[in-house]
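Residue-level listing of the chains:
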Amino acid sequence: MAWYIDKSILQTSDGNKDWWKKTYSPADEVPVSGIYICTGCKREITSNKGDKFPPQNHHQHPTGNGSIKWKLIVRTNMDGQ
Ligand SMILES: [Zn+2]
């Protein structure tokens, strides 16, 4: 879960873009800058467009929680528009 104090500076997306629907594996290229959540353990990271997601050894899951998959939860506006 991400936190905020001022809802007026956040905007709801229709979620139609691929980057809202896909999950990404360790070392995949980050499609858009933002906050991503690991679907297995709910850990969150911030990542910048064009960088790589953290490597497989970034963190460990207890057996049964599956592999690390990153899903976009908050897209950040890097252009200021
Ligand atoms: Zn995880």
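Predicted model, so just to flag it, every value in this text is computed and none were measured. (Residues numbered from 1 in each chain as written. Predicted model: local features only at pLDDT ≥ 70, side-chain atom pairs only at ≥ 80, totals over all residues. Heavy atoms only, no water.)

A. Geometry of the coordination of the zinc ion. The zinc ion binds to the protein through Cys38 (SG), Cys41 (SG), His59 (NE2) and His61 (NE2), with metal-donor distances spanning 1.9 to 2.3 Å. Along the chain, the residues donating to the zinc ion are arranged with the sequence spacing C-x2-C-x17-H-x1-H. Note that cysteine 38 is positioned in strand β2 (residues 34-38) and histidine 61 in the loop between β3 (44-47) and β4 (70-75), a separation of 23 residues in sequence. In terms of burial, cysteine 38 and histidine 61 fall into one category: buried. (Donors = N, O, S within 2.8 Å, 3.2 Å for Na, K, Ca; no water. Helix = DSSP H or I, 4+ residues; strand = E, 2+ residues; numbered from the N terminus. Buried < 20%, exposed > 50% of the residue type's maximum accessible area, 1.4 Å probe, protein only.)

B. Up close: the environment of proline 26. Relative to the helices and strands, proline 26 is located in the loop between β1 (23-24) and β2. Residue class for proline 26 comes out buried when judged on its relative accessible area of 15%. A C-alpha to C-alpha distance of 33 Å links proline 26 and serine 8, two positions 18 residues apart in sequence. Residues in contact with proline 26, not counting those within four places in the same chain, are Phe53, Pro54, Pro55, Gln56 and Ile68. (Contact = heavy atoms within 4.5 Å.)

C. A look at the pairing of β3. Here β3 shows a buried face lined by Ile45 and Ser47 and an unburied face lined by Glu44 and Thr46. Judged from the four bridges that link them, β2 and β3 form a sheet pairing that is antiparallel. Bridge assignment links tyrosine 36 to a residue of β3, and that residue is isoleucine 45. What sits between β2 and β3 in their antiparallel hairpin is a turn of five residues, with lysine 42 showing a positive phi close to 70°. (Pairing = 2+ DSSP bridges.)

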